[in-house]
Amino acid sequence: DAKTTQPTSMDCAEGRAANLPCNHSTISGNEYVYWYRQIHSQGPQYIIHGLKNNETNEMASLIITEDRKSSTLILPHATLRDTAVYYCIVRVETEGSARQLTFGSGTQLTVLP
Amino acid sequence: DAGVIQSPRHEVTEMGQEVTLRCKPISGHNSLFWYRQTMMRGLELLIYFNNNVPIDDSGMPEDRFSAKMPNASFSTLKIQPSEPRDSAVYFCASSSRLTLGNQQETQYFGPGTRLLVL
């Protein structure tokens, strides 16, 4: 799985959009970009994933650059409950087989009131 | 759906004692993962199972650690004997098999077991 680089920490004002960047310059064509987050004292939680196209769900949007070497997770209206460590993970998916997630250090997002 | 269930939620034990952590995956999921989280090393995989069969146990620290999955609805992680450096939060996660046209494998994590070995 390709290596990812994320900022150690970020702050965001409550109600504003939180934009979390991730660099994955060695990503290969069959690797997906996944985002998970971990709220303090809880297990990690899936947010969103994508391959090439931008994706949106009820939690967030994922913007992947055309060359796929970087991506941005967008929380459109951050709330205090979005304060968490956000992990960007790049991995190959193999049909029929599950594989582990390799977590880096992630970005500590703090949403300020 | 109750989600992934782990027990106990907290465990305090003395060095040398046996510790058994338990996990019940989400019904219908056929993959189960054990992760450990510490401040120093972050989140790291210990072992995972597909269809109750261990696939990769390269993350298991040493022979003191063992994991079993006797059936699709239950797994244990055992530490014997326990040591202070085993103090960590242990997470269990489960996921379902990827199928053609569904290239997504979402792992669902339990609340974790916080282990303190004195």
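Residue indices follow the written sequence of each chain, beginning from 1 at its first position. Here chains are named by letter from A upward and ligands by number from 1 upward, in the order in which they appear as written. Two thresholds apply to this predicted model, a pLDDT of at least 70 for residue-level local features and 80 or more for giving and counting side-chain atom pairs, whereas whole-chain, interface and lining totals are computed over all residues. Each side-chain value is worked out from all heavy atoms of the structure, with water and hydrogens disregarded.

J.: So what's going on with the pattern of salt bridges? Which residues, and what values?
T.: All names here are of chain B. Salt bridge, as used here: a side-chain nitrogen of Lys or Arg that lies within 4 Å of a carboxyl oxygen of Asp or Glu. Throughout the structure, instances matching the rule amount to nine salt bridges over all chains. Salt-bridge contacts for Arg41 lead to Glu44; the nearest nitrogen and oxygen are separated by 3.0 Å. Accessibility expressed as a relative area gives 58% for Arg41, which makes it exposed. Through salt bridges with shared partners, a single network forms among Glu62, Arg64, Glu83, Arg85 and Asp86. Three labels apply to residues, based on accessible area from a 1.4 Å probe with only protein chains included: buried if under 20% of the type maximum, exposed if over 50%, partly exposed otherwise in between.

J.: So what's going on with the nonpolar core? Residues and values would help.
T.: Remark: nonpolar core denotes a set of buried residues (Ala, Val, Leu, Ile, Met, Phe, Trp, Tyr, Cys) joined through side-chain atoms within 4.5 Å. Residues Trp35, Leu73, Tyr86 and Leu109 of chain A are the most contacted members of the largest nonpolar core, which totals 22 residues. Only DSSP runs of H or I covering at least 4 residues are called helices, and only runs of E covering at least 2 are called strands; the numbering of each starts at the N terminus. Taken together, the elements giving at least two residues each to this core come down to strand E2 (18–23), strand E3 (31–38), strand E4 (45–50), strand E6 (61–64), strand E7 (70–75), strand E8 (84–92) and strand E9 (107–112) of chain A. Of the residues forming this core, the biggest block, four residues, is contributed by E8 of chain A. Within the second largest apolar cluster, 21 residues are counted, among which are Cys23, Leu46, Phe65 and Ala88 of chain B.

J.: Could you give an account of the packing of aromatic side chains, naming the residues involved and the relevant values?
T.: Residues and elements named next belong to chain A. Note on aromatic contacts: the rings of Phe and Tyr and the six-membered ring of Trp form a pair at centre separations within 6.5 Å, being stacked when their planes are under 30 degrees apart, edge-to-face when over 60 apart, and tilted otherwise. Under the definition given, this model contains 12 aromatic pairs over all chains. Between Tyr87 and Phe103, the ring centres sit 5.0 Å apart and the planes meet at 80°, which makes this aromatic pair edge-to-face. Here Tyr87, found in strand E8, pairs with Phe103, found in the loop between E8 and E9; they are 16 residues apart in sequence, far enough to count as distant. Neither residue differs from the other here; Tyr87 and Phe103 are each classed as buried.

J.: I'd like a rundown of the confidence of the model for chain A, residues and numbers included.
T.: Known as pLDDT, the predictor's per-residue confidence is scaled from 0 to 100. In the predicted model, chain A carries a mean pLDDT of 92, and the fraction of residues at 70 or more is 96%. No element of chain A has a lower mean pLDDT than E8 of chain A, at 93, and none a higher one than E9 of chain A, at 98.

J.: Any details on the sheet that holds strand E7 (residues 65–71) of chain B? Residues and values, ideally.
T.: All names here are of chain B. A pair of strands is considered paired only if DSSP assigns at least 2 bridges between the two. Reading across the sheet, the four strands line up as E1-E3-E8-E7 and stay open at both edges, with antiparallel pairing between neighbours. Each end of this open sheet is capped by a strand with a single partner; those strands are strand E1 (5–7) and E7. Across the sheet, the axes of successive neighbouring strands diverge by a mean angle of 15°, strand direction being ignored. Where helices are involved, their axes are fitted lines through C-alpha atoms of the stretch in contact, as for all axes, and angles between N-to-C directions lie from 0 to 180°.

J.: Summarise the environment of Val90 of chain A; cite the residues concerned and give the values.
T.: All names here are of chain A. Topologically, Val90 is positioned in strand E8. Judged by its relative accessible area of 2%, Val90 falls in the buried class. Considered as a pair, Val90 and Leu101 are 11 residues apart in the sequence and their alpha carbons are 8.8 Å apart. When neighbours within four sequence positions are excluded, Val90 is seen to be in contact with Asp1, Ala2, Thr4, His24, Ile27, Glu31, Tyr32 and Val33. Residues are treated as being in contact if the distance between any of their heavy atoms lies within 4.5 Å.

J.: Describe the sheet that holds strand E5 (residues 55–56) of chain A, listing the residues and the values that go with them.
T.: All names here are of chain A. If you walk across this open sheet you meet the four strands as E2-E7-E6-E5, and the pairing is antiparallel. What marks the edges here is a single partner per strand, and that holds for E2 and E5. Both E6 and E7 contribute to a ladder of four bridges, which runs antiparallel. Counterpart to Ser61 in the pairing with E7 is Ile74.

J.: How would you sum up the pairing of strand E4 (residues 31–38) of chain B? Please name residues and give values.
T.: Across a regular strand the side chains alternate sides, sitting on one face of the sheet and then on the other. Residue and element names in this part refer to chain B. Of all the eight residues making up E4, seven are buried; the element is thus mostly covered by neighbouring parts of the structure. Examined bridge by bridge, E4 and strand E5 (residues 42–50) share eight bridges and lie antiparallel to one another. Bridging from a neighbouring strand, Ser31 pairs with Asn50 of E5. Relative to strand E9 (residues 88–95), E4 is paired through seven bridges, and the arrangement is antiparallel.

J.: Let's hear about the environment of Ser96 of chain B: which residues, and what values?
T.: All names here are of chain B. Summarising the element assignment, Ser96 is placed in the loop between E9 and strand E10 (108–109). On the basis of relative accessibility, which here comes to 33%, the residue Ser96 falls in the partly exposed class. Measuring from C-alpha to C-alpha, the distance between Ser96 and Ser27 comes to 9.5 Å, with 69 residues separating the pair along the chain. When neighbours within four sequence positions are excluded, Ser96 is seen to be in contact with His29, Asn30 and Glu105.

J.: Just give me the short version of the side chain of Arg68 of chain A, but keep the residues and values in it.
T.: All names here are of chain A. Following the sequence through the fold, Arg68 ends up in the loop between E6 and E7. For the buried Arg68, no salt bridge exists, and the shortest N-O distance to an oppositely charged side chain is 5.9 Å, to Glu31. Any pair of N or O atoms that falls within 3.5 Å is considered a polar contact. Within protein, one atom must be able to donate a hydrogen and the other to accept it, and sequence-neighbouring residues count only if both atoms are side-chain atoms. From its side chain, Arg68 meets the backbone oxygen of Ser28 in a polar contact 2.5 Å long. Non-local contacts of Arg68, meaning those with residues more than four positions away in its chain, are made with His24, Ile27, Ser28, Gly29, Asn30, Glu31, Leu51 and Lys52. Only four residue types enter the tally: Lys and Arg on the positive side, Asp and Glu on the negative side; His and the chain ends are excluded.

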